[in-house]
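Each chain, letter by letter, is given below.
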Amino acid sequence: AVVSTQSTGMANGPKICFVIGGPGSGKGTQCELLVAKYGMAHFSSGDLLREEVASGSARGKSLQEIMKNGQLVDMDTVIQLLQEAVVKSHAENPDKIILL
């Protein structure tokens with residue numbers, strides 16, 4: 001897993017750290033360790049998609065159909081879920097570093 005930090009360019013915006021790597025490279029493991037040791041927030045697209053489906057919302061029901069049919073969820077929806085999670089996390093704790 002490779003860790004790279006990125007400023008959002010917004011005054012007082014969230015501090016975001018991108019964790020990237022191929023399948024099985026340890027991204028999730030490294031994020032778990034960073035969350036446990038430093039109290040960072042971690043959001044993965046897969047977790048956010050599953051949470052949205054579990055919420056029973058209209059969007060979640062639509063996502064469930066897409067995923068059940070073996071299709072990929074469109075990038076705009078994934079980005080929207082990530083953006084909502086980042087905005088909420090930053091509003092709750094502006095000093096927390098966010099792992100994506």
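This structure is a prediction, so every number in the text was calculated from the model and none was measured.

A. Spotlight on the overall build of the chain. Helices and strands together make up the secondary structure of the chain, namely four helices and four strands. Mapped in sequence order, the helices and strands of the chain form the string β-β-α-β-α-α-α-β. Counting only residues that meet the buried cut, the chain has 25% of its 100 residues in that class. Relative to all contacts within the chain whose residues are 6 or more apart in sequence, the contacts with residues 24 or more apart total 52%.

B. Region of interest: helix H4 (residues 75–92). An ideal rise of 1.5 Å per residue puts 26 Å on 18 residues; H4 measures up with 26 Å between its terminal C-alpha atoms. All of the buried residues in H4 are Thr77, Val78, Leu81, Ala85, Val86, Ser89 and His90. Turning to H4, the residues buried within the fold contact strand S2 (15–20), strand S3 (41–42), helix H2 (45–55), helix H3 (58–68) and strand S4 (97–99).

C. Looking closely at the confidence of the model for the chain. Across the chain, the average pLDDT comes to 90, with 89% of residues at 70 or higher. Predicted confidence in the chain is weakest over strand S1 (residues 2–7), with a mean pLDDT of 51, and strongest over H3, with 97.

D. Layout of H2. Along H2, the positions that sit buried rather than exposed are Leu48, Leu49 and Glu52. Angular distribution of buried residues about the axis of H2 spans 100°; they occupy a single face of the element. Of the exposed residues in H2, those oriented more than 90 degrees away from the buried face are Arg50, Glu51 and Ala54. Residue glycine 56 follows H2 closely and has a positive phi angle near 80°.

E. Highlighting the environment of glutamine 30. If you trace the backbone, glutamine 30 turns up in helix H1 (residues 27–38). Using a relative accessible area of 37% as the deciding quantity, one classes glutamine 30 as partly exposed. Here the alpha-carbon distance between glutamine 30 and valine 19, two residues 11 residues apart in the chain, equals 8.6 Å.

F. Looking closely at the packing of H2 against H4. Put simply, H2 and H4 touch, their axes get as near as 10 Å, and they point 90° apart. Classified by the angle their axes make, H2 and H4 are roughly perpendicular. Residue-level contacts link Ser45, Leu48, Leu49 and Glu52 of H2 to Val78, Leu81, Leu82 and Ala85 of H4. Split by residue class, the contact of H2 with H4 holds six nonpolar, one polar and one charged.

G. Fine view of the pattern of salt bridges. Inspection of the entire model under this criterion finds four salt bridges. One salt bridge connects glutamate 52 with arginine 59, and the closest N-O pair in it is separated by 3.3 Å. Among the ionic pairs, glutamate 65 bridges to lysine 68, the shortest N-O distance being 3.4 Å. Here lysine 68 and glutamate 65 lie together in helix H3, a separation of three residues that amounts to about one turn. Salt bridges sharing common partners tie together Glu52, Arg59 and Glu84.

Reading the values: rules and limits
Residues numbered from 1 in each chain as written. Predicted model: local features only at pLDDT ≥ 70, side-chain atom pairs only at ≥ 80, totals over all residues. Heavy atoms only, no water. Helix = DSSP H or I, 4+ residues; strand = E, 2+ residues; numbered from the N terminus. Buried < 20%, exposed > 50% of the residue type's maximum accessible area, 1.4 Å probe, protein only. Contact = heavy atoms within 4.5 Å. Expected span 1.5 Å × (residues − 1). pLDDT = per-residue confidence, 0-100. Arc of directions from axis to C-beta. Axes fitted to C-alpha atoms, helices over the stretch in contact; angles between N-to-C directions. Parallel < 35°, antiparallel > 145°, perpendicular 65-115°, else oblique. Nonpolar A, V, L, I, M, F, W, Y, C, P; charged D, E, K, R; others polar. Salt bridge = Lys/Arg side-chain N within 4 Å of Asp/Glu carboxyl O.

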